[in-house]
Amino acid sequence: MTLHLKSVLGLIGIFVRGASAPLLLSVKMDKKYHTASLPGLLMRHLMAVLLLCCLPGCSSPSGTAVEEETYTNPIFRQNQRPWVTYHDGMYYFVQVAQQSIFIIASPDPTSFRVRDRVLACEIGKQYGLFHMWRPQLVFIDGTCYIYVTADDGNTDNHQLYVLTNNSGDPLDGEFGMLGRLVTDSENNWAIHAHVFEHAGHWYITWTGWETPRIFAENQCIYIARLADPQTLATGRVKISQPEYEWERQWVEPDGNSQTSYPVYVNEAPFFFCNQMTDRAYIYYSASATWTPYYAVGQLSAPKDSELLDPASWRKEPVPVFSASKEANLYSTGPVCIVPSPDGTEYYLIYAARPEQLRAFFPPKNVYMQPITFDGNGTPDLGKPLDPETRLKKPSGTPATVFQPET
């Protein structure tokens, strides 16, 4: 009788992806998963089983190893504005659903499951806010914060809000409202914050209106330095506005639009800078998100420059990531970038819509693919890959065992 390797491992509830990565055990406790190394005794029993399976008469199903070492897209379905944060060996996917904010944690960025999500805050029910967009989870001095866009029921009144959780573990307890982050004295429309640290200072970049909309809506990218997690230390500085034709598309291919007025967009900025990059980068999304023309633009500045000086920033005249007919993916963005678990690789996480159909249909899914760097350290985001392409999992991704749900 032939005994398959995967069948034997299934008897003890363990699935191994490969000996090259550390083997971790994920145990579900109090609505969240805790990851720990397998005890030595269990590891020795596991190795004994593996050796047994190598004897004549045992075999491994064709393709099993390949499937466990690789992944395909999308990594998450039906999410318009994804945000993933990597911290201390865990990836945190922050999601808005049912007027609430949820967090999904996983040591494997290709394996986020809705059934694993933990409630962070019932922001609609608790604080009377609506239309939550793109929450960002950030760790500042051992405290967890969530920056989220929300309004009072009128989308023209979108502002930035800050939630906090004094626990160093975002899955422990719930987040409470710290308050609104005021971006300017006129309380102009503000959305899509990204809070980041650079050269010893904390900054925030976001999307906002320069003045209230009269005829056309003009969304610009702003930046400021933070005095504390809820307060700006400086005035806002505009570093980008929609100026190129590819940033000013708001009408769908069939001639329809979601608005009766023009909408010119620079939104969802994401700051990216580390030891591998030659400069400091901000990636942003341009044109209306309901069109297939929604694409990713790039700003860059010298690493040691004054980030609050508009002259420091250089803007690329063409998008650096956009729709792909070959991959059948459109309306690409917004984006964020995360490292592999061992820090040797970086991956682009982005939303895109399969098929070039009407606005918001079908819904956007979340995709992930590796980026590269040229000899100077300039990132290359590439182009959207066919979702059927099997990709190698990020370097250092642990082999994990999730306790089956009952």
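Presented here is a report on the structure given in the accompanying data block. Note that residues are indexed from 1 along each chain, following the sequence as it is written. The predicted nature of this model means local features are confined to residues of pLDDT at least 70 and side-chain atom pairs, given and counted, to a pLDDT of 80 or more, with totals for whole chains, interfaces and linings taken over all residues. The basis for every side-chain value is the complete set of non-hydrogen atoms in the structure, without hydrogens or water.

All right, on to the overall build of the protein chain then. Only DSSP runs of H or I covering at least 4 residues are called helices, and only runs of E covering at least 2 are called strands; the numbering of each starts at the N terminus. When helices and strands are tallied, the protein chain shows 4 helices and 30 strands. Throughout, exposure labels follow a simple rule: accessible area from a 1.4 Å probe, protein chains only, divided by the maximum for the residue type, with under 20% read as buried, over 50% as exposed, and the rest as partly exposed. Looking at the protein chain as a whole, 53% of its 406 residues qualify as buried. A contact between two residues is defined here by any heavy atoms of the two lying within 4.5 Å. Put simply, 56% of the contacts in the protein chain that link residues at least 6 apart link residues at least 24 apart. Here the accessible surface of atoms and residues is derived via Shrake-Rupley with a 1.4 Å probe, and residues count as covered only by protein chains that are part of the display. Of the roughly 17,900 Å² of accessible surface on the protein chain, a fraction of 52% belongs to carbon and sulfur atoms.

Here we take up the packing of aromatic side chains. In this scheme Phe, Tyr and Trp rings, the latter by its six-membered ring, pair at centre separations within 6.5 Å, and the angle between planes marks the pair as stacked below 30 degrees, edge-to-face above 60, and tilted otherwise. Inspection of every chain in the model, using the stated rule, returns 17 aromatic pairs. Between Tyr86 and Tyr91 the ring centres are 4.4 Å apart and the planes differ by 45 degrees, which places this aromatic pair in the tilted class. Owing to a relative accessible area of 26%, Tyr86 belongs among the partly exposed residues under this scheme. Among the aromatic residues, those joined into a ring-pair cluster are Phe76, Phe93 and Phe112. When the NZ atom of lysine or the CZ atom of arginine is within 6 Å of a ring's centre and also within 35 degrees of its normal, the charge is said to sit over that ring. The ring of Trp133 is capped by Arg81, whose NZ or CZ atom sits 4.6 Å from the centre of that ring. The ring centre of Phe102 lies 4.0 Å from the NZ or CZ of Arg117, which sits over that ring.

The next subject is the sheet that holds strand β13 (residues 176-181). In this scheme, strands are said to pair when DSSP sees at least two bridges between them. Taken together, 4 strands build an open sheet; the order of strands is β10-β11-β12-β13 and the sheet is antiparallel. The sheet is open, and its two borders are formed by β10 (130-140) and β13, each paired with just one other strand. Here the average twist between neighbouring strands, direction ignored, is 25 degrees. Bridge analysis of β10 against strand β11 (residues 143-151) gives 7 bridges, and the strand direction is antiparallel. The partner of Phe130 across the bridge, within β11, is Asp151. Axis lines are fitted to C-alpha atoms, over the contacting stretch for helices. Their N-to-C directions set the angle, which ranges from 0 to 180 degrees.

Inspection of the secondary structure assignment puts Asn188 in the loop between β13 and β14 (190-198). Relative accessible area serves as the criterion here: at 4%, Asn188 is assigned to the buried category. A 3.5 Å cut-off defines polar contacts: any pair of N or O atoms within that distance qualifies, except that in protein one atom must be a possible hydrogen donor and the other a possible acceptor, and neighbouring residues in sequence count only when both atoms are side-chain atoms. Separated by 3.4 Å, the side chain of Asn188 and the backbone oxygen of Glu210 make a polar contact. Discounting chain neighbours no more than four positions away, the residues touching Asn188 are Gln159, Thr183, Trp209, Glu210, Thr211, Pro212 and Arg236.

On to the environment of Val263. In this fold, Val263 is placed in strand β19 (residues 263-264). Apart from the residues lying within four places of it in its own chain, the contact partners of Val263 are Glu217, Gln219, Gln249, Trp250 and Trp290.

With antiparallel pairing, 4 strands are arranged side by side in an open sheet as β20-β21-β22-β23. Edge positions in the sheet fall to β20 (266-272) and β23 (314-315), since each of these pairs with one other strand and no more. The pairing of β20 with strand β21 (residues 280-286) spans 5 bridges and is classified as antiparallel. Within β21, the residue paired with Asn266 across the bridge is Ala286.

Before going further, it helps to spend a moment on the side chain of Thr149. Along the polypeptide, Thr149 turns up in strand β11. A polar side-chain atom of Thr149 sits 2.8 Å from the main-chain amide nitrogen of His192.

When charged atoms on two side chains of opposite charge get close, those side chains can pair. Salt bridges are identified by distance alone: a Lys or Arg side-chain nitrogen within 4 Å of an Asp or Glu carboxyl oxygen. Following the criterion strictly, the structure yields 10 salt bridges and no others. A salt bridge links Arg113 to Asp116; its shortest N-O distance comes to 2.8 Å. Comparing Arg113 with Asp116, the two get one shared label, buried. With a shortest N-O distance of 2.8 Å, Lys315 and Glu247 are connected by a salt bridge. Here Glu247 lies in the loop between β18 (237-240) and β19 and Lys315 lies in strand β23, a separation of 68 residues in the sequence. Neither residue differs from the other here; Lys315 and Glu247 are each classed as buried.

Attention now goes to the nonpolar core. Buried Ala, Val, Leu, Ile, Met, Phe, Trp, Tyr and Cys residues form a nonpolar core when they are joined through side-chain atoms within 4.5 Å. Val84, Tyr283, Ile337, Leu348, Tyr350 and Leu381 are the most contacted members of the largest nonpolar core, which has 33 residues in total. Those elements that provide at least two residues to this core are β6 (83-87), β7 (90-97), β20, β21, β25 (335-339), β26 (346-354) and β27 (365-370). No other element matches the 6 residues that β26 contributes to this core. Beyond its immediate stretch of four places on either side in the chain, Tyr350 contacts Pro82, Phe321, Leu329, Thr332, Pro334, Val335, Asn365, Val366, Tyr367, Gln369, Pro384 and Leu385. Listed in part, the 22 residues of the second largest apolar core include Val118, Tyr161, Leu163 and Leu171.

Residue Pro74 is bonded to the preceding Asn73 through a cis peptide linkage, with omega at 0 degrees. With respect to the secondary-structure elements, Pro74 resides in the loop between β5 (70-71) and β6. Here the bond from Gly333 into Pro334 is cis, since omega is 0 degrees, no more than 30 degrees from zero. Relative to the helices and strands, Pro334 resides in the loop between β24 (329-330) and β25. At Asn187, a residue that is not glycine, the phi angle is positive and equals roughly 55 degrees. Among the secondary structure elements, Asn187 is positioned in the loop between β13 and β14. One non-glycine residue, Ser287, lies in positive phi territory at about 75 degrees. Along the chain, Ser287 falls in the loop between β21 and β22 (295-301). Ser287 sits in the buried class, given a relative accessible area of 0%.

It is worth stressing that arrangement in space is one thing and function is another; only the former is reported here.
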